[in-house]
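Structural features, examined
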Amino acid sequence: MLTAGQLEEAIALAAKASPRAVLIDLAQADFLASAGMGILVAARDELPDTVGLAVVADGPATSRPLKLVGIADVVGLYATLDEALAALVA
């Protein structure tokens, strides 16, 4: 909750550059609250369909909640940065 605003700002800043994809690396995160998950869903809704969205998360504090609430069905969820990058350039 304390860093949700920073995540939202970073995504908005990245989106202004008209990217082909936005990659969010949560590999070092040790907690993911509903506020952060909501931002990920909002990002997918707000980004054009032509812009890929990938999230790197592989742990009980990040990937597990994303899978449990179904966000992994809406955004690309990857265990490693290499997997996410490979998927985005494919």
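Please refer to the structure placed before this passage.
Residues numbered from 1 in each chain as written. Predicted model: local features only at pLDDT ≥ 70, side-chain atom pairs only at ≥ 80, totals over all residues. Heavy atoms only, no water.

**Brief notes about the layout of surface pockets**
- Its boundaries defined by the atoms lining it, the largest pocket holds a volume of some 200 Å³.
- Contributing to the lining of the largest pocket are Met 1, Thr 3, Ala 4, Leu 7, Leu 26, Ala 29, Phe 31, Leu 32, Ala 33, Ala 35 and Gly 36.
- Of all elements in the fold, only helix H1 (4–16) and helix H2 (34–46) reach the threshold of two or more residues within the lining of the largest pocket.
- When its residues are assigned to classes, the lining of the largest pocket shows nine nonpolar, two polar and no charged. (1 Å grid on protein atoms, 1.4 Å probe; cavity = no way out; pocket = protein on both sides within 12 Å on 5 of 7 lines; lining within 4 Å. Points joined across faces, edges and corners; volume = space filled by probe spheres on them. Helix = DSSP H or I, 4+ residues; strand = E, 2+ residues; numbered from the N terminus. Nonpolar A, V, L, I, M, F, W, Y, C, P; charged D, E, K, R; others polar.)

**A look at H1**
- Given a rise of 1.5 Å per residue, 13 residues ought to cover 18 Å, and the 19 Å separating the end C-alpha atoms of H1 matches this to within 8%.
- What H1 keeps buried is the set Ala 4, Leu 7 and Ile 11. On an axial view of H1, the arc spanned by its buried residues comes to 60°, and they lie on one face. Those residues of H1 that are exposed and aimed more than 90 degrees away from the buried face are Gln 6, Glu 9, Leu 13 and Lys 16.
- Contacts from the buried residues of H1 go to strand E1 (21–25) and H2.
- Count one or two residues on from H1 and you reach Ser 18, which has phi positive near 50°. (Expected span 1.5 Å × (residues − 1). Buried < 20%, exposed > 50% of the residue type's maximum accessible area, 1.4 Å probe, protein only. Arc of directions from axis to C-beta. Contact = heavy atoms within 4.5 Å.)

**Quick notes on the sheet that holds E1**
- Reading across from one edge, E1-E2-E3 is the order of the three strands in this open sheet, with parallel pairing throughout. Of all the strands in the sheet, the pair left with one neighbour each is E1 and strand E3 (76–78). Neighbour-to-neighbour, the strand axes of the sheet open up by a mean angle of 20°, direction not taken into account.
- Sheet topology note: the E1/strand E2 (residues 52–56) ladder contains five bridges and is parallel. Each bridged residue has a counterpart across the sheet, and for Val 22 the counterpart in E2 is Leu 53. (Pairing = 2+ DSSP bridges. Axes fitted to C-alpha atoms, helices over the stretch in contact; angles between N-to-C directions.)

**Details of the packing of H1 against H2**
- Two elements in contact, H1 and H2, have axes separated by 9 Å at closest approach and are oriented at 15°. One element, H1, and the other, H2, form an angle in the roughly parallel class. H2 is crossed by H1, and the crossing has right-handed handedness. Where H1 abuts H2, its residues Ala 4, Leu 7, Glu 8 and Ile 11 lie against Ala 35, Gly 36, Ile 39, Leu 40 and Ala 43.
- The class makeup of the residues in the contact of H1 with H2 is seven nonpolar, one polar and one charged. (Parallel < 35°, antiparallel > 145°, perpendicular 65-115°, else oblique. Left-handed = near helix turned anticlockwise from the far one by under 90°.)

**Some points on the environment of Leu 88**
- The topology assignment puts Leu 88 in helix H4 (residues 81–89).
- On a C-alpha basis, the gap between Leu 88 and Val 22 in space is 9.0 Å, while along the polypeptide they are 66 residues apart.
- Each residue touching Leu 88, except ones within four places of it in the same chain, is listed here: Arg 20, Ala 21, Leu 23, Gly 52, Leu 53 and Ala 54.

Remember, this is a structural readout, not a statement about activity or role.
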